[in-house]
Amino acid sequence: MNALAGWSRAARGAGLLSPTGAPAASIFSEMSALASATGAINLGQGFPDEDGPIEVLDAAREAIAAGVNQYPPGRGTADLRLAIAEHRSRFWGDTPDPETEILVTAGATEALAATILGLTQPGDEVVTFEPFYDAYGGLIALAGATHVTATLHAPTFTPDPDELRRVITDRTRLIIVNTPHNPTGVMLSTEILDLLVELAHRHDAIIVTDEVYEHLTFERTHVPVVTRPGAAERTLTISSGGKTFATTGWKIGWISGPAELITRVTTVKQFLSYVNGAPFQPAIAVGLRLPDTYFTGIAATLRGRRDRLAAGLSAAGFGVSLPDAGYFIVADTAPLGFADATELARELPGKIGIAAIPVSAFVLPEHRDHTRSLLRFAFCKRDEVLSEALTRLETLTV
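For clarity, every value in this text was computed on a predicted model and none was experimentally measured.

Definitions and cut-offs
- Residues numbered from 1 in each chain as written.
- Predicted model: local features only at pLDDT ≥ 70, side-chain atom pairs only at ≥ 80, totals over all residues.
- Heavy atoms only, no water.
- Helix = DSSP H or I, 4+ residues; strand = E, 2+ residues; numbered from the N terminus.
- Contact = heavy atoms within 4.5 Å.
- Pairing = 2+ DSSP bridges.
- Axes fitted to C-alpha atoms, helices over the stretch in contact; angles between N-to-C directions.
- Salt bridge = Lys/Arg side-chain N within 4 Å of Asp/Glu carboxyl O.
- Buried < 20%, exposed > 50% of the residue type's maximum accessible area, 1.4 Å probe, protein only.
- Parallel < 35°, antiparallel > 145°, perpendicular 65-115°, else oblique.
- Nonpolar A, V, L, I, M, F, W, Y, C, P; charged D, E, K, R; others polar.
- Domains from an automatic or database assignment.
- Buried area = accessible area lost by both parts, 1.4 Å probe.
- Polar contact = N/O pair within 3.5 Å; in protein donor to acceptor, adjacent residues only side chain to side chain.
- Right-handed = clockwise from strand over helix to strand, strands pointing away.
- UniProt positions renumbered as here; feature names shortened; annotations may be inferred.
- Phe/Tyr/Trp six-rings, centres within 6.5 Å; stacked < 30°, edge-to-face > 60°.
- Lys NZ or Arg CZ within 6 Å of the ring centre and 35° of its normal.

Engineer: Break down the side chain of Thr-209 for me, citing the residues and quoting the values.
Structural biologist: Examined against the element boundaries, Thr-209 turns out to sit in strand S7 (residues 206-210). In this view, Thr-209 contacts Val-177, Val-225, Thr-235, Leu-236, Thr-237 and Ile-238; residues no more than four positions away in its chain are not counted.

Structure representation (structure tokens):
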């Protein structure tokens, strides 16, 4: 009973439970319901609305037809682990051992869950940047750990090195680094990455990176934390095929890093999904081996869509922070006279037929004033959908 009470307190603090103990209402489900009820274009949810490369889809169909439909090996199929190792070497220069240093997971979120549950104890501190991908808070609460944040300061979403030095202490067990970042699209500088490595060494912390947007970068190339001097021995790197190959529903992710740490993560993962996605694993292996032109092509397409939506939001009167990478644009509603973006988000579906997500959903409840006027819009949509969204934005009056 004491353990349950302790979790309930942590879950309330993370915004997972209401004061009565019921599941807290999610702004994500609320906005999706509003979009459905009003026929609005849903630019709140971050998933593509078109299929990925035909080679990858065909490989999944072929695997199903060939009978690859039962449990795969616990750490993932040998060929997918090899493809992940080859891919990391080809693009990023690190060389994890596919036998001992790579684990296939049910998406990046399971990799995060198994890592946080496997490497923290109640009372340990886990540091993230804020705003943060919403799963971080829930997973940290489930582990009974303490969530500590360092602010990404709008409009450039640049962290303060002095704040990082204050919040990363001897109590810090994990430093979760999401770059390219959701929801802001910022890519952390090498100076910040090197500072994080320095602080991890100083305080004996483990760096856990979330790099699912690694190929969806626009003006500069992604720099993995693990490639920075001194990082490899204490860094776990997480990615997935969902964003890169427009297969978010397949839930094929992976984590790589030192063998001892991967073994500890595997111990937890086997009691979560156990294994997953047997016919999708060989398909993602095909995707990881596609030529460079595929990866540069998807980034170029997304950059064009980013620029179109950014221009439309600016013309409608929003303040726009242009992202370095990813699926999302953060827009400021204050120039439109809305100090509370959540209020505008609830009006937009009925007003002009567009749904977005308040950035306050990605911060701790006590910090929501810092992001009250910010909305997140997704641009990972078909050109015709974006065109219609831009037409609707032109009708916005406040």
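This is not the end of the story, as more comes after the structure.
Engineer: An account of the sheet that holds strand S11 (residues 328-332) is requested, with residue identities and associated values reported.
Structural biologist: An order of S10-S11-S14-S13 is seen for the 4 strands of this open sheet, with the pairing classed as antiparallel. A strand with exactly one partner marks an edge of an open sheet, and here the two such strands are strand S10 (319-321) and strand S13 (357-358). Helix-sheet contacts for helix H11 (residues 292-315) involve S10, S11 and strand S14 (374-378), and the interaxial angle to S11 is about 10°.

Engineer: Would you mind going over the pattern of salt bridges in detail, with residue names and values included?
Structural biologist: Per the stated rule, a full pass over the model turns up 25 salt bridges. With a shortest N-O distance of 3.1 Å, Arg-171 and Glu-125 are connected by a salt bridge. Taken together, the residues span a long stretch of sequence, with Arg-171 in the loop between helix H7 (161-167) and strand S6 (172-178) and Glu-125 in strand S3 (residues 125-130) at a distance of 46 residues. Judged by its relative accessible area of 12%, Glu-125 is buried. A salt bridge links Arg-306 to Asp-307; the shortest N-O distance between them is 2.9 Å. Relative accessible area serves as the criterion here: at 33%, Asp-307 is assigned to the partly exposed category. Among the charged side chains, a salt-bridge network with shared partners connects Glu-50, Arg-305, Arg-308 and Asp-383.

Engineer: Run through the sheet that holds strand S8 (residues 235-240), naming residues and quoting values.
Structural biologist: Strand order in the open sheet formed by 8 strands is S2-S9-S8-S7-S6-S3-S4-S5, with mixed pairing between adjacent strands. Strand pairing shows two members of the sheet lacking a second neighbour, strand S2 (102-106) and strand S5 (158-159), which therefore form its edges. In terms of strand pairing, S6 meets S7 through 5 bridges, oriented parallel. Counterpart to Ile-175 in the pairing with S7 is Ile-207.

Engineer: Explain the packing of helix H5 (residues 107-119) against helix H9 (residues 259-269) to me, and be specific about the residues and the numbers.
Structural biologist: Contact geometry of H5 with H9 gives a least axis separation of 8 Å together with a crossing angle of 105°. Our classification of the angle between H5 and H9 gives roughly perpendicular. Here H5 contributes Glu-110, Ala-114, Thr-115, Leu-117, Gly-118 and Leu-119 to the contact with H9, which in turn contributes Leu-261, Arg-264, Val-265, Val-268 and Lys-269. Partitioned by chemical class, the residues of the contact of H5 with H9 number 6 nonpolar, 2 polar and 3 charged.

Engineer: Hey, could you go over the domain arrangement of the protein chain for me, with residue numbers and the actual values?
Structural biologist: Domains assigned within the protein chain are domain 1 (6-51 + 294-395) and domain 2 (54-291). Taking only C-alpha atoms, the centre of domain 1 and the centre of domain 2 are 24 Å apart. Taken together, the contacts link 36 residues of domain 1 with 41 residues of domain 2. For the pair domain 1 and domain 2, the summed buried area comes to about 3100 Å², and 66% of that belongs to carbon and sulfur atoms. It is Phe-295, Asp-324 and Phe-362 in domain 1 that bury the most area against domain 2; as a group they hold 23% of the surface buried on that side. The tally of links between domain 1 and domain 2 comes to 3 salt bridges. At the junction of domain 1 and domain 2, the tally comes to 15 residue pairs in polar contact (both at pLDDT 80 or more).

Engineer: Kindly report on the pairing of S7, identifying the contributing residues and their values.
Structural biologist: Within S7, 5 of the 5 residues are buried, leaving the element largely enclosed by the surrounding structure. Side chains Ile-206, Val-208 and Asp-210 of S7 all project onto a buried face; the interleaved residues Ile-207 and Thr-209 project onto the opposite face, where all are buried too. Considered for its hand, the β-α-β crossover made up of S6, helix H8 (residues 190-203) and S7 is right-handed. The pairing of S7 with S8 spans 4 bridges and is parallel. When the sheet's bridge partners are listed, Ile-207 is paired in S8 with Thr-235.

Engineer: Describe the UniProt feature "domain: Aminotransferase class I/classII large" (unreviewed entry) in the protein chain, and please don't skip the residues or the numbers.
Structural biologist: Residues annotated by UniProt as "domain: Aminotransferase class I/classII large" (unreviewed entry) correspond here to residues 40-393. The straight-line gap between the two end C-alpha atoms of residues 40-393 is 12 Å; of that span, 38% is helix and 18% is strand.

Engineer: Describe the packing of aromatic side chains, with residues and values.
Structural biologist: Scanning all chains against the criterion turns up 13 aromatic pairs. With centroids separated by 5.4 Å and ring planes inclined at 70°, the aromatic side chains of Tyr-213 and Tyr-327 adopt a geometry described as edge-to-face. A residue pair is termed long-range when its members are at least 10 positions apart, and Tyr-213 in the loop between S7 and S8 and Tyr-327 in the loop between S10 and S11 qualify at 114 residues. Residue Tyr-213 shares its accessibility class with Tyr-327, and that shared class is buried. Measuring from ring centre to ring centre gives 4.4 Å for Trp-250 and Phe-280, while their planes differ by 15°; the resulting arrangement is stacked. In this pair, Trp-250 sits in the loop between S8 and strand S9 (252-256) while Phe-280 sits in helix H10 (residues 280-288), placing the two residues 30 residues apart along the sequence. You can call Trp-250 buried: its relative accessible area is 17%. Take Phe-280: its relative accessible area is 23%, and that puts it in the partly exposed class. Note that Arg-376 overlies the ring of Phe-328, its terminal NZ or CZ placed 3.6 Å from the centroid. Here Lys-381 stacks its cationic end above the ring of Phe-47, 4.2 Å away from the centre of that ring.

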